[in-house]
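Analysis of the macromolecular model
Residue strings, one per chain:
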Amino acid sequence: MTATQGWLALVILSGGSTLIAWWGGTGVLVALAILTLAWAKAQIVLNVYLGLSEAPGWSRGFALVLGLFMLGAMGLAVAAGAV
Amino acid sequence: MSDDTDPETGFYALPGDLMMWILIISELIVFGAGLMAFMAVRLTDPQGFTAAQGHLDATAAGINTIVLVTSGWLAALAQRAGAAGQVARVRLLLASAAALGALFLWIKMQEYAAKSAIGIDFETHPFFTFYYLLTGFHALHVVAGIVILALVGWKATPRNLEVGTAFWHMVDLVWVLLFPIIYLLR
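Just so you know, these numbers come straight off a predicted model, no measurement behind them.

With that settled, the discussion passes to the interface of chain A and chain B. The partner chain B presents 43 residues to the 43 residues of chain A that form the contact. Summing both partners gives a buried area of about 3600 Å² for chain A against chain B, and 78% of it is carried by carbon and sulfur. For the chain A face of the interface with chain B, the top three residues by lost area are Tyr49(A), Leu50(A) and Trp58(A), together amounting to 19%. Here chain A is connected to chain B by 0 salt bridges. Run the count over chain A and chain B and you get 5 residue pairs in polar contact (both at pLDDT 80 or more). If you list the elements that add at least two residues to the side of chain A that touches chain B, you get helix H1 (3-23), helix H2 (28-49) and helix H3 (56-82) of chain A.

Here is the structure:
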């Protein structure tokens, strides 16, 4: 993915997040959708903007830690929805 | 035993300067801990957090997201122009990236002013304590990033460009995680 393709993907994903907020959706599924879009955006910044796609081992390591963070955030979002 | 020179996993495989990566990881840990603390405290009062979040302008923050990722894109293009030895193009792209950073800060200041005008401060609700701490700390990084982009534009070597733009992309990365968690999750 080039920097320009990465930027386009980030704009589309950010627009998607904001559209969900405009739509006014609430609940666990909406929260999970928003966090999934954030996860995808973070992966693009890491791999395209920060160039980790050139270092596959480091890219996998960052993806693992980011994945754990996002799963933790999703778990807390689900818990908040259940309170 | 790991090999630091391994082309895939060694330290030398990391693009850019190792010290910049140590700084980036440190910053991500700090912001990550702050966001997880926010999510955990939100469990104690989900309705209160949702009501407090209703005072935020998600549209302005969404526009700010586009502004910042576009700025990151310009910085990425500047880095590539630097590798091709196009110094004038590098400076134009970095100046544009920094200008978008300044626009991000201006929109953020409008947001803070709007909160202040209706009496919202750090102590109004725990939501706003996290909101001001996390977005304020991030805004300080934007200020630092603008200074770094200016310095890199002045001394536009490929190495300086790689290190300086990496910091700017870290600021981008933090925002794409912070924006949905603070502004959009309900």
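Glancing now at the environment of Val69(B). Relative to the helices and strands, Val69(B) resides in helix H3 (residues 58-83). Owing to a relative accessible area of 1%, Val69(B) belongs among the buried residues under this scheme. With 90 residues separating them along the chain, Val69(B) and Arg159(B) place their C-alpha atoms 22 Å apart. Ignoring any residue separated from it by four or fewer positions in sequence, one finds Val69(B) in contact with Trp7(A), Leu10(A), Val11(A), Tyr49(A), Asp172(B) and Val176(B).

Right, let's get into empty space enclosed by the protein. All names here are of chain B. In total, this model carries 1 cavity of 30 Å³ or more according to the counting rule given. Computed from the structure, the largest cavity encloses a volume of approximately 30 Å³. What lines the largest cavity is simply Phe38, Arg42, Phe49, Thr50, Gln53, Phe127, Ile181, Ile182, Leu185 and Arg186. Mapped onto the lining of the largest cavity, the elements with two or more residues apiece are helix H1 (18-42), helix H2 (46-53) and helix H6 (158-184). For the lining of the largest cavity, the element with the most residues is H2, which contributes 3 residues. Its residues placed into classes, the lining of the largest cavity shows 6 nonpolar, 2 polar and 2 charged.

Residue and element names in this part refer to chain B. On the surface, a nonpolar cluster with roughly 380 Å² of combined accessible area is contributed by Phe11, Leu18, Met19 and Ile22. As for its placement among the helices and strands, Phe11 is situated in the segment before H1. In this structure Phe11 comes out as partly exposed when scored by relative accessible area, which is 40%.

What follows deals with the confidence of the model for chain B. Taken residue by residue, chain B gives an average pLDDT of 91. The fraction at 70 or more is 95%. Taken element by element, chain B is modelled with least confidence in H2(B), mean pLDDT 91, and with most confidence in helix H5 (residues 126-154) of chain B, mean pLDDT 96.

Quantified by volume, the largest pocket comes out at close to 350 Å³. Elements represented by at least two residues in the lining of the largest pocket include exactly H2 and H3 of chain A together with H1 and H6 of chain B. Of the residues contributing to the lining of the largest pocket, the split by class is 15 nonpolar, 2 polar and no charged. Considering the residues around the second largest pocket, the lining is formed by 19 residues, among which Tyr49(A), Leu50(A), Gly51(A), Glu54(A) and Gln79(B) are closest to the centre. Of all the elements in the fold, those that place two or more residues in the lining of the second largest pocket are H2 of chain A together with H3 and H6 of chain B.

With that settled, consider the packing of aromatic side chains. All names here are of chain B. Throughout the structure, instances matching the rule amount to 19 aromatic pairs over all chains. Seen from their ring centres, Phe49 and Phe127 are 5.8 Å apart, and the 85° between their planes marks the pair as edge-to-face. On the criterion of sequence distance, the pair formed by Phe49 in helix H2 and Phe127 in helix H5 is long-range, its members being 78 residues apart. Take Phe49 and Phe127: they sit in the same class, and that class is buried. Over the face of the ring belonging to Trp154 we find Lys155, whose NZ or CZ atom lies 4.8 Å from the ring centre.

With that out of the way, let us pick up the UniProt feature "transmembrane region" (unreviewed entry) in chain B. All names here are of chain B. Feature annotation in UniProt places "transmembrane region" (unreviewed entry) on residues 20-44, 56-76, 88-107, 128-154 and 166-185, given in this structure's numbering. Measuring from the first to the last C-alpha atom of residues 56-76 gives 31 Å, for a span that is 90% helix and 0% strand. Within the segment residues 166-185, helix and strand shares are 95% and 0% respectively, and the terminal C-alpha atoms sit 28 Å apart.

How each quantity is defined
- Residues numbered from 1 in each chain as written.
- Chains lettered and ligands numbered in written order.
- Predicted model: local features only at pLDDT ≥ 70, side-chain atom pairs only at ≥ 80, totals over all residues.
- Heavy atoms only, no water.
- Contact = heavy atoms within 4.5 Å.
- Buried area = accessible area lost by both parts, 1.4 Å probe.
- Salt bridge = Lys/Arg side-chain N within 4 Å of Asp/Glu carboxyl O.
- Polar contact = N/O pair within 3.5 Å; in protein donor to acceptor, adjacent residues only side chain to side chain.
- Helix = DSSP H or I, 4+ residues; strand = E, 2+ residues; numbered from the N terminus.
- Buried < 20%, exposed > 50% of the residue type's maximum accessible area, 1.4 Å probe, protein only.
- 1 Å grid on protein atoms, 1.4 Å probe; cavity = no way out; pocket = protein on both sides within 12 Å on 5 of 7 lines; lining within 4 Å.
- Points joined across faces, edges and corners; volume = space filled by probe spheres on them.
- Nonpolar A, V, L, I, M, F, W, Y, C, P; charged D, E, K, R; others polar.
- Patch = residues over 30% accessible without salt bridge, like charges linked within 9 Å, V, L, I, M, F, W, Y side chains within 5 Å.
- Areas by Shrake-Rupley, 256 points an atom, 1.4 Å probe, with all protein chains shown as cover.
- pLDDT = per-residue confidence, 0-100.
- Phe/Tyr/Trp six-rings, centres within 6.5 Å; stacked < 30°, edge-to-face > 60°.
- Lys NZ or Arg CZ within 6 Å of the ring centre and 35° of its normal.
- UniProt positions renumbered as here; feature names shortened; annotations may be inferred.

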